Amino acid sequence: SAVISQKPSRDICQRGTSLTIQCQVDSQVTMMFWYRQQPGQSLTLIATANQGSEATYESGFVIDKFPISRPNLTFSTLTVSNMSPEDSSIYLCSVEDGTGGVYGYTFGSGTRLTVV
Amino acid sequence: KQEVTQIPAALSVPEGENLVLNCSFTDSAIYNLQWFRQDPGKGLTSLLLIQSSQREQTSGRLNASLDKSSGRSTLYIAASQPGDSATYLCAVLSGYSTLTFGKGTMLLVSP
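Nothing here was measured: the structure is a model prediction, and the numbers come from that model.

Reading guide: rules and limits
- Residues numbered from 1 in each chain as written.
- Chains lettered and ligands numbered in written order.
- Predicted model: local features only at pLDDT ≥ 70, side-chain atom pairs only at ≥ 80, totals over all residues.
- Heavy atoms only, no water.
- Salt bridge = Lys/Arg side-chain N within 4 Å of Asp/Glu carboxyl O.
- Helix = DSSP H or I, 4+ residues; strand = E, 2+ residues; numbered from the N terminus.
- Buried < 20%, exposed > 50% of the residue type's maximum accessible area, 1.4 Å probe, protein only.
- Contact = heavy atoms within 4.5 Å.
- Buried area = accessible area lost by both parts, 1.4 Å probe.
- Polar contact = N/O pair within 3.5 Å; in protein donor to acceptor, adjacent residues only side chain to side chain.
- pLDDT = per-residue confidence, 0-100.
- Phe/Tyr/Trp six-rings, centres within 6.5 Å; stacked < 30°, edge-to-face > 60°.

Observations concerning the pattern of salt bridges
One side chain can pair with another of opposite charge once the charged atoms of both are near each other.
Then comes step 1: Applying the stated rule across the entire model yields 3 salt bridges over all chains.
Then comes step 2: With its nearest N and O atoms 2.6 Å apart, the salt bridge here joins K65 of chain A to D87 of chain A. Within this pair, whereas K65 of chain A is found in the loop between strand 6 (56–57) and strand 7 (68–72), its partner D87 of chain A is found in the loop between strand 8 (75–80) and strand 9 (89–99), the two being separated by 22 residues in sequence.
Then comes step 3: Owing to a relative accessible area of 5%, D87 of chain A belongs among the buried residues under this scheme.
Then comes step 4: As a salt-bridge pair, R37 of chain B and D39 of chain B come within 3.0 Å of each other at their nearest N and O atoms.
Then comes step 5: Looking at R37 of chain B, the relative accessible area reads 18%, which means it is buried.
Then comes step 6: By relative accessible area, D39 of chain B is classed as partly exposed at 28%.

See the structure below:
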């Protein structure tokens, strides 16, 4: 299965600043997904990133707050902009992964963000 | 809209016990169901993937079953160990790459 390298693993940031999270996949993938996991909650999809096109954002998430880049088929970044304490969460990237018609999802190791 | 519920929310057992985690979903039109493990503050590790046409999957001490018609899945962990302590998440794939997660079951296995 695919291996995803995500960094940073954690960060503590001042409110009003921005943080860019990177995900590198060891194989070419069509779609990459970005999730947020707020404290005590499950995962919520932020957006889907396709190479060569604009990311598709889920309801409640906007490009100005969470700009995404997808410059090639193995890499993507998510920026959390103008941060507030409410943005403190774990952010995860994911790819669809599989062979022989059996597809599941592989996740990065997560970025634990604390905004103070 | 697909909704996924996991019961119990938390579970504490002594080492060596067999245990069952439950997952239910509201829309039976799914492609597959995946069980994940999440350690505190970390990412997700895939444990088992069950396709909609399958009834169960096994990996080591883990066995996951799927009853699509009733909208239920169970994760059975045999002979639990302290290293199994983590949050277990159930996720169903329905629609176009739409993965819906439950809130998870937090498992603590005490020595």
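Considerations on the interface of chain B and chain A
Then comes step 1: Contacts between chain B and chain A engage 19 residues on the former and 20 residues on the latter.
Then comes step 2: Both faces combined, the contact of chain B with chain A buries some 1500 Å², and carbon together with sulfur accounts for 55% of it.
Then comes step 3: Scanning the region where chain B abuts chain A turns up 0 salt bridges.
Then comes step 4: Seen at the junction of chain B and chain A, the total is 4 residue pairs in polar contact (both at pLDDT 80 or more).

Digging into the environment of N18 of chain B
Residue and element names in this part refer to chain B.
Then comes step 1: Tracing the backbone shows N18 in the loop between strand 2 (10–14) and strand 3 (19–25).
Then comes step 2: Put simply, N18 and L75 are 57 residues apart on the chain and 11 Å apart in space, counted from C-alpha to C-alpha.
Then comes step 3: At 3.4 Å, the side chain of N18 and the side chain of Y76 are in polar contact.
Then comes step 4: Polar contacts involving the side chain of N18 include one to the main-chain amide nitrogen of A79, which spans 2.8 Å.

A few points about the confidence of the model for chain B
Then comes step 1: For chain B, per-residue confidence averages 94 on the pLDDT scale, and 98% of positions sit at 70 or higher.
Then comes step 2: Mean pLDDT values for the elements of chain B range from 89 in strand 10 (residues 98–101) of chain B up to 98 in strand 8 (residues 72–77) of chain B.

Details of the packing of aromatic side chains
For any pair of aromatic rings, the description rests on two quantities: the centre-to-centre distance and the angle between the ring planes.
Then comes step 1: Under the criterion given, the structure shown has 8 aromatic pairs over all chains.
Then comes step 2: For the ring pair Y35 of chain A and F101 of chain B, a centre distance of 5.8 Å and an interplane angle of 85 degrees mean the geometry is edge-to-face. On the criterion of chain membership, the pair formed by Y35 of chain A in strand 4 (residues 31–37) and F101 of chain B in strand 10 is interchain, its members lying in two chains. A single burial state applies to Y35 of chain A and to F101 of chain B, both of which are buried.
Then comes step 3: Among the aromatic residues, those joined into a cluster by ring pairs are Y35 and F107 of chain A together with F36 and F101 of chain B.

Quick look at unusual backbone geometry
Then comes step 1: In this structure, the amide linkage connecting K7 of chain A to the following residue, P8 of chain A, adopts the cis form with an omega of 5 degrees.
Then comes step 2: Its location among the elements puts P8 of chain A in the loop between strand 1 (4–7) and strand 2 (10–13).
Then comes step 3: Positioned with a positive phi, N82 of chain A is a non-glycine residue whose angle comes to about 45 degrees.
Then comes step 4: Within the secondary structure, N82 of chain A is located in the loop between strand 8 and strand 9.
Then comes step 5: One non-glycine residue, A79 of chain B, adopts positive backbone phi at about 45 degrees.

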